Amino acid sequence: MKRILVTGATGTVGRHAVELLREAGAEVVALSRRTGDLRDLAAMPSLDGVTSVLLVWPFDTAEGAREVLREKLAGRRVVYLSSAARRGPEREVERLVEETAGEWTFLRPHAFAANALRWARQVRAGVVRGAHGAAGMPVVHERDVAAVAVRALLDPGHHGAAYELTGPETISQADQVRIVSEVTGIPARWEELAPEQARIGLLAEGWPPGVAEEVLRAQAALVSRPAAVTPVVEEVTKAPPRSFLEWAAEHAGAFRTPRRPSRSVMRAARIHAFGDASVIQVDEVPVPRPGPGEVLVEVAATSFNPSEVGLRSGLLPEVFGASLPHTLGWDVSGTVVGTGAGVTGFAPGDRVFGMVDGAAAEYAVAPVRVLAHAPRSVPLADAAAVPVAGLTAWQAVHEHARVTEGQSVLVNGAGGGVGLFAVQLAKLAGARVVATASPRSAAAVRRLGADEVIDYTTTPLPAGTDVLLNLIPGANGPSGENRTVVSIAGGEGHFVMRYDPRHLTTLAGLIDDDGLAVEIAEGHPLPELPQIHRRAEAGDLRGKVTILMA
């Protein structure tokens, strides 16, 4: 029986190699970070009888590799897991292996299919953001890399080979997201970022600056010159390589169901004082725990509402009632990851939306009574645009205006978050809809069903409609008309939205039945929330803006 050392034995490739070696009848000496530092020579297990080594060097530099290879692995057959990129530390380890090993083989895989798991939270949110979505990569299944490694460890004829390993097809990042979406049934899309935006995101995830820049440069090159497929996996293993589609089907569960938070802290957008947008800061705070009747939600997104400017500024404290420090955000969409005692109706993995205080955070605790099951047909992050705006529009159309078939309805300010829903709900009620909007909003308002769109920047409000839904402060239109006026902007017919999750369930049904579209004007990461507040105060926002947590 051959005795083989596998370093990185619990990693992406190593765990498959251990399994395949044991299936082949080999004795495996497994070494991983859990069992000790590979560079700690004194703590390394006995290598008596070990003839071959799968070397996975899990460090950012080659420091320590010379001592390990010379003192512990010299003279043995070494199969080293390098990469197709051959970064500086990998080239150095390759050189050291050539110097010290009795026989050597280098594995140089292209991007692992498993790298897509880093998008899991974004996939659940429905929006995967990155640069160079068209970059073509022949992504390789980690089990195929392990299978080539096992053959090189057990069979003769591989000494001196440097194998470039790929999957069976070249596939773009955007297409990977599409395939994961199709396999999992989760609506998800790729959203292209400028390289500098993507770099900031990678650094926030903890990537070393040099690595982040190198990866982005490589991806940029793969847009115009996608990497080619090689036949090596099939030549060595005598079996065709697995496709990305197969990999995605095997790992669908990892995208659908989140785990409980792996860290005890999370990011949250908070204010410690009332004032201008500069008082908003992203803090690290403890992850909350759900109490009786509550659930812990992995937040996909919140959305910006203009009234949050008033809260942040300290206006109307008797209305907002915010104590400091205060986490911003009311609208929430996300996935349940934990439940408190006595919770019924929701379980881990359920996609939900609703209204809670403190939604601008990576996790939020919510009483189950305030949540509803999120619509299934739109990205989860987009569902965060619905609660405040959708309920306001619903109550304006159905409870206050009581719009009926055949009426004419004027929606003043139709390009805003509430207005876009109000136009659609009035049309669903059978009304003829006249909408006012700025030129930049006109196309969206018309697409969502308005029969006539008026540019309010150049034309006064028309007369002659049965109902006026006024969504803009100080604009009730011609006086003396015999029509119903409903307003969310003060003045005649003013009302304040009443939160009712039953109506959210109704709206979710309309969305899934293709009767109601969710229009997202912009999506931004959490650190950009202060900028959104500034733009809102300057009148530079249109429609619904979502704030993404991943």
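In what follows, the structure referred to is the one given above.
Residues numbered from 1 in each chain as written. Predicted model: local features only at pLDDT ≥ 70, side-chain atom pairs only at ≥ 80, totals over all residues. Heavy atoms only, no water.

*Asks:* Break down the overall build of the protein for me, with residues and values.
*Replies:* Across its full length, the protein carries 19 helices and 25 strands. In terms of principal-axis extent, the alpha carbons of the protein reach across some 100 × 45 × 40 Å. Split into buried and exposed, the 550 residues of the protein put 55% on the buried side. Counting contacts in the protein only where the partners sit at least 6 residues apart, residues at least 24 apart contribute 72% of the total. In the protein, 54 side chains carry a positive charge and 62 a negative one; their mean positions are 3 Å apart. (Helix = DSSP H or I, 4+ residues; strand = E, 2+ residues; numbered from the N terminus. Buried < 20%, exposed > 50% of the residue type's maximum accessible area, 1.4 Å probe, protein only. Contact = heavy atoms within 4.5 Å. Lys, Arg positive; Asp, Glu negative; His and termini not counted. Charge placed at Lys NZ, Arg CZ, Asp CG, Glu CD.)

*Asks:* Which residues make up helix H17 (residues 439–447), and what are the values?
*Replies:* Because each turn of an α-helix spans 3.6 residues, side chains separated by three or four positions end up pointing in the same direction. Listing the buried residues of H17 in full gives Ser441, Ala442, Ala444 and Val445. Looking at the packing, one finds that the buried side of H17 touches helix H16 (417–428), strand E20 (432–437) and strand E21 (452–455).

*Asks:* So what about the nonpolar core? Which residues, and what values?
*Replies:* The biggest cluster of nonpolar side chains holds 90 residues, and the ones touching the most others in it are Val411, Val445 and Leu469. Ignoring sequence-local partners within four residues, the contact set of Val445 consists of Ala414, Gly415, Leu420, Val423, Ala435, Ala437, Ala450 and Val453. By size, the runner-up hydrophobic cluster in this structure holds 55 residues, among which are Val18, Leu154, Val180 and Ala188. (Core = buried A, V, L, I, M, F, W, Y, C linked by side-chain atoms within 4.5 Å.)

*Asks:* Which residues make up the layout of surface pockets, and what values do they have?
*Replies:* What the second largest pocket holds in volume is close to 1500 Å³. Every residue lining the second largest pocket is counted, 44 residues in all, and those nearest its centre are Asn305, Pro306, Ser307, Val418 and Ile488. If you list the elements that add at least two residues to the lining of the second largest pocket, you get helix H12 (307–313), helix H13 (317–320), helix H15 (387–400), H16, E20 and H17. Its residues assigned to classes, the lining of the second largest pocket comprises 25 nonpolar, 15 polar and 4 charged. (1 Å grid on protein atoms, 1.4 Å probe; cavity = no way out; pocket = protein on both sides within 12 Å on 5 of 7 lines; lining within 4 Å. Points joined across faces, edges and corners; volume = space filled by probe spheres on them. Nonpolar A, V, L, I, M, F, W, Y, C, P; charged D, E, K, R; others polar.)

*Asks:* Any chance you could break down the pattern of salt bridges for me, citing the residues and the numbers?
*Replies:* Counted according to the given criterion, the structure contains 34 salt bridges. Among the ionic pairs, Arg3 bridges to Glu27, the shortest N-O distance being 3.1 Å. Taken as a pair, Arg3 in strand E1 (residues 3–7) and Glu27 in strand E2 (residues 27–31) lie far apart in primary sequence, 24 residues in all. The partner of Arg77 in a salt bridge is Glu103, and the shortest N-O contact between them spans 3.4 Å. Of the two residues, Arg77 sits in strand E4 (residues 77–81) while Glu103 sits in strand E5 (residues 103–109), which places them 26 residues apart along the sequence. One network of salt bridges, with partners in common, ties together Arg70, Glu92, Arg95 and Glu99. (Salt bridge = Lys/Arg side-chain N within 4 Å of Asp/Glu carboxyl O.)

*Asks:* So, the pairing of E21: which residues are in play, and what are the values?
*Replies:* As paired elements, E20 and E21 share 4 bridges and run parallel to each other. Bridge pairing in E21 places Ala435 opposite Val453. Taken together, E20, H17 and E21 form a β-α-β motif whose crossover is right-handed. (Pairing = 2+ DSSP bridges. Right-handed = clockwise from strand over helix to strand, strands pointing away.)

*Asks:* Lay out empty space enclosed by the protein in plain terms, naming residues and giving numbers.
*Replies:* Scanning the model with the defined rule gives 3 cavities of 30 Å³ or more in all. Considering only enclosed or pocket space, the largest cavity measures out at about 40 Å³ in volume. Taken together, Phe274, Leu311, Gly314, Leu315, Pro317, Phe320 and Ala322 make up the full set of residues lining the largest cavity. Residues of the lining of the largest cavity, tallied by class, amount to 6 nonpolar, 1 polar and no charged.

*Asks:* Now, about the packing of aromatic side chains: what can you tell me, with residues and values included?
*Replies:* Geometrically, a pair of aromatic rings is defined through the distance of the ring centres and the angle of the planes. Enumeration over the complete set of coordinates arrives at 6 aromatic pairs. Taken together, a centroid distance of 4.4 Å and an interplanar angle of 25° make the contact between Trp104 and Phe106 stacked. The same class applies to Trp104 and to Phe106, which are both buried. Between Phe244 and Trp247, the ring centres sit 5.5 Å apart and the planes meet at 25°, which makes this aromatic pair stacked. Of the two residues, Phe244 and Trp247 are both situated in helix H10 (residues 244–250); the distance of 3 residues between them amounts to about one turn of the helix. We classify Phe244 as buried; its relative accessible area is 2%. Note on Trp247: relative accessible area 0%, which makes it buried. Here the aromatic residues Tyr80, Trp104 and Phe106 are joined through ring pairs into a cluster of three or more. Seen from the ring of Phe59, Arg39 lies directly overhead, with NZ or CZ sitting 3.6 Å from the centre. (Phe/Tyr/Trp six-rings, centres within 6.5 Å; stacked < 30°, edge-to-face > 60°. Lys NZ or Arg CZ within 6 Å of the ring centre and 35° of its normal.)

*Asks:* Go over the sheet that holds strand E12 (residues 280–286), please, and point to the residues and values.
*Replies:* Two strands in a sheet stick together by hydrogen bonds in their backbones, pointing the same way (parallel) or opposite ways (antiparallel). Read across the sheet, 3 strands follow the order E12-E11-E14 without closing on themselves; strand pairing throughout is antiparallel. Two strands close off the open sheet at either side, each with one partner strand: E12 and strand E14 (326–327). Examined bridge by bridge, strand E11 (residues 265–271) and E14 share 2 bridges and lie antiparallel to one another. Opposite Ile271, over in E14, you have His326 as the bridge partner.

*Asks:* Hey, could you go over the sheet that holds E21 for me, with residue numbers and the actual values?
*Replies:* Pairing within the open sheet is parallel, and its 5 strands lie in the order E21-E20-E19-E22-E23. Each edge of the open sheet carries a strand with a single partner, namely E21 and strand E23 (484–487). Direction aside, neighbouring strands of the sheet carry axes that sit 15° apart on average. H17 contacts E20 and E21 of the sheet and is inclined by roughly 160° relative to E20. (Axes fitted to C-alpha atoms, helices over the stretch in contact; angles between N-to-C directions.)

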